[in-house]
Amino acid sequence: MKKITIVFIALLALAGCANKDTTKQELRVYNWGSYIDESLITEFEKEFDAKVIYDKFDSNEAMYIKVASEDSYDVLYPTDYMIERLRVEDRLQKLDYSKIPNYTATLDSLKGRAMDPAAEYTAGYFWGNVGIVYDKTKISLTDLEQQGWNIFKNETYKDQIFFLDSERDAFMVALKALGYSMNTTSETELQEAFNWLKDMNQKTRPVYIRDEMIDSMVSGVKPIGTMYSGDATYVLSENENMAFYVPTQGTNSWMDAMVITKNAKNVDLAHEWINFILSKESQQRITEEIGYTSARQDVIDIVTGTGGAFNGIDSYETRQNYNLDENYRFDDVTRVTMADYWVKVKSNG
């Protein structure tokens, strides 16, 4: 009996050692839904003998709530204004770019932006703007060129409009149509933008929609709508009648970037992940999968060149350095104001 006990204990000890030896290091990643070629996750796990816990969010605000509640993630993928908020609140740590050699291929225009002016915390992932997707057989290009964002108040197109259900993008449209900065903090200008949106609501009765808009525009459910350039790229690639137009009044030029949280548990592996994702091969595979514009010019050249996945699709080659385009900035007061106004717009208040 004693001999059996000793053998049993020895076997348990060996099992414990075996479990310890096979335990993989973990990396927790929090990204937007449908925003990666997921086969890359498996490849990273094999290359680095790691387990990636990969969670998805559907808005910057939802991501922020989890991070602010001290949920532990290593790598996040926020948009510019949310990066600024996280940085100001000391929820991020500086990157060691010597551990991210692929960062050197990142477009210069994606470095040192307003949310990270000293280029210390961010590694650009994908970027784009907001514009208008329209059916060339049903919407007048002349109207678009003459009216810009104001086309959404043109009663000719009543009941024919999809409009992004996003207060930030809605107020960008209204503020740019009025000739104001989309980052205004003026109560008067925000009130005017609110009135512009209410007037649009009454005149053209747009349908407020988010992700479902993509398939709906491909199917031609409605002939015009506001849309992110990356989503527009997919629509244009699936429906030859669709085109993309960015008004000369200016728009939101946004960037999503990879950042490492202050409470990251595996900082070295987080740097390896960022470097892996920024490689030429990874960037090409992801951009071809999701349609958003790569952070690397060499990848942009491949996918827009002859035979490339997005050759001839103008929404992919995002407008750069146009003087009326802006990056979103974080301001908590205007954030609350816009959110309150947006609820009233959609309720016809």
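Below you will find a few notes about this structure. (Residues numbered from 1 in each chain as written. Predicted model: local features only at pLDDT ≥ 70, side-chain atom pairs only at ≥ 80, totals over all residues. Heavy atoms only, no water.)

## Some thoughts on the overall build of the chain
Moving on, step 1. Along the backbone of the chain there are 13 helices and 11 strands.
Moving on, step 2. Dimensions of the chain, computed from the C-alpha atoms along their principal axes, are close to 90 × 45 × 40 Å.
Moving on, step 3. Burial statistics for the chain: of 349 residues in total, 52% are counted as buried.
Moving on, step 4. In the chain, once contacts between residues fewer than 6 apart in sequence are set aside, the share between residues at least 24 apart is 74%.
Moving on, step 5. On the chain, roughly 15,900 Å² of surface is accessible, and the fraction owed to carbon and sulfur atoms is 48%.
Moving on, step 6. Distance between charge centroids for the chain: 5 Å, based on 37 positive and 55 negative side chains. (Helix = DSSP H or I, 4+ residues; strand = E, 2+ residues; numbered from the N terminus. Buried < 20%, exposed > 50% of the residue type's maximum accessible area, 1.4 Å probe, protein only. Contact = heavy atoms within 4.5 Å. Areas by Shrake-Rupley, 256 points an atom, 1.4 Å probe, with all protein chains shown as cover. Lys, Arg positive; Asp, Glu negative; His and termini not counted. Charge placed at Lys NZ, Arg CZ, Asp CG, Glu CD.)

## Re the packing of aromatic side chains
Describing an aromatic ring pair means giving the distance of the ring centres and the angle of the ring planes.
Moving on, step 1. Summed over the entire model, instances satisfying the criterion amount to 21 aromatic pairs.
Moving on, step 2. When the ring of Phe-44 is compared with that of Phe-48, the centres are 4.6 Å apart and the planes differ by 35 degrees; the resulting orientation is tilted. Placement of both Phe-44 and Phe-48 in helix α2 (residues 39-48) is noted, with a separation of 4 residues, approximately one turn of the helix.
Moving on, step 3. Ring plane angle 65 degrees and centroid distance 5.4 Å describe the contact between Phe-44 and Phe-276, whose orientation is recorded as edge-to-face. Taken together, the positions of Phe-44 in helix α2 and Phe-276 in helix α10 (residues 267-277) put the pair 232 residues apart, joining distant regions of the chain.
Moving on, step 4. Judged by its relative accessible area of 0%, Phe-44 is buried.
Moving on, step 5. Grouping aromatic residues by their ring pairs yields a cluster made of Tyr-35, Tyr-77, Tyr-125, Phe-126, Trp-254 and Tyr-292.
Moving on, step 6. Geometry around Tyr-81 places Arg-168 over its ring, the cationic atom sitting 3.8 Å from the centre. (Phe/Tyr/Trp six-rings, centres within 6.5 Å; stacked < 30°, edge-to-face > 60°. Lys NZ or Arg CZ within 6 Å of the ring centre and 35° of its normal.)

## Thoughts on the pattern of salt bridges
Moving on, step 1. In the structure shown here, the tally under the stated rule is 23 salt bridges.
Moving on, step 2. Notably, a salt bridge pairs Lys-56 with Glu-38, separated by 2.8 Å at the nearest N-O pair. Highlighted residues: Lys-56 in strand β2 (residues 50-57) and Glu-38 in the loop between β1 (25-32) and α2, separated in sequence by 18 residues.
Moving on, step 3. By relative accessible area, which is 40% here, Glu-38 ends up partly exposed. (Salt bridge = Lys/Arg side-chain N within 4 Å of Asp/Glu carboxyl O.)

## Details of the pairing of strand β10 (residues 253-261)
Moving on, step 1. Where burial is concerned, most of β10 is hidden: 9 out of the 9 residues are buried.
Moving on, step 2. By the alternation rule, side chains of β10 split into Ser-253, Met-255, Ala-257, Val-259 and Thr-261 and Trp-254, Asp-256, Met-258 and Ile-260, which are all buried.
Moving on, step 3. Across 2 bridges, strand β4 (residues 92-93) lies against β10 in antiparallel orientation. Residue Gln-93 lies in a different strand from β10, and its bridge partner there is Ile-260. (Pairing = 2+ DSSP bridges.)

## Comments concerning the packing of helix α7 (residues 187-204) against helix α13 (residues 332-346)
Moving on, step 1. Packing of α7 against α13 leaves a shortest axis separation of 10 Å and a crossing angle of 20 degrees. As summarised for this structure, α7 and α13 are arranged roughly parallel, according to the angle between their axes. In this structure, the crossing between α7 and α13 has a hand that is right-handed. The residues of α13 that touch α7, namely those facing Leu-190, Gln-191, Phe-194, Leu-197, Lys-198 and Asn-201, are Thr-334, Thr-337, Met-338, Tyr-341, Trp-342, Lys-344 and Val-345.
Moving on, step 2. For the contact of α7 with α13, a count of residues per class yields 7 nonpolar, 4 polar and 2 charged. (Axes fitted to C-alpha atoms, helices over the stretch in contact; angles between N-to-C directions. Parallel < 35°, antiparallel > 145°, perpendicular 65-115°, else oblique. Left-handed = near helix turned anticlockwise from the far one by under 90°. Nonpolar A, V, L, I, M, F, W, Y, C, P; charged D, E, K, R; others polar.)

## Observations regarding the pairing of strand β5 (residues 123-135)
Moving on, step 1. With 13 of 13 residues buried, β5 lies mostly within the body of the structure.
Moving on, step 2. Judged from the 6 bridges that link them, β5 and β10 form a sheet pairing that is antiparallel. Within the sheet, the bridge partner assigned to Gly-128 lies in β10 and is Trp-254.
Moving on, step 3. As paired strands, β5 and strand β11 (residues 293-294) are joined by 2 bridges and run antiparallel to one another. The residue of β11 that forms the bridge with Trp-127 is Thr-293.
Moving on, step 4. Note that β5 and strand β8 (residues 224-228) share 5 bridges and pair antiparallel. Bridge pairing in β8 links Val-130 to Tyr-228.
Moving on, step 5. Pairing between β5 and strand β9 (residues 242-245): 4 bridges, direction antiparallel. Bridge pairing in β9 places Tyr-134 opposite Ala-243.

## Here we look at unusual backbone geometry
Moving on, step 1. Notably, Asp-90 is not glycine yet its phi reads approximately 60 degrees, a positive angle.
Moving on, step 2. Locating Asp-90 in the fold gives a position in the loop between α4 (80-88) and β4.
Moving on, step 3. When its relative accessible area of 47% is taken as the criterion, Asp-90 is described as partly exposed.
Moving on, step 4. Positive phi values are uncommon outside glycine, yet Ala-119 reaches one of about 50 degrees.
Moving on, step 5. With respect to the helices, strands and loops of the structure, Ala-119 is situated in the loop between β4 and β5.

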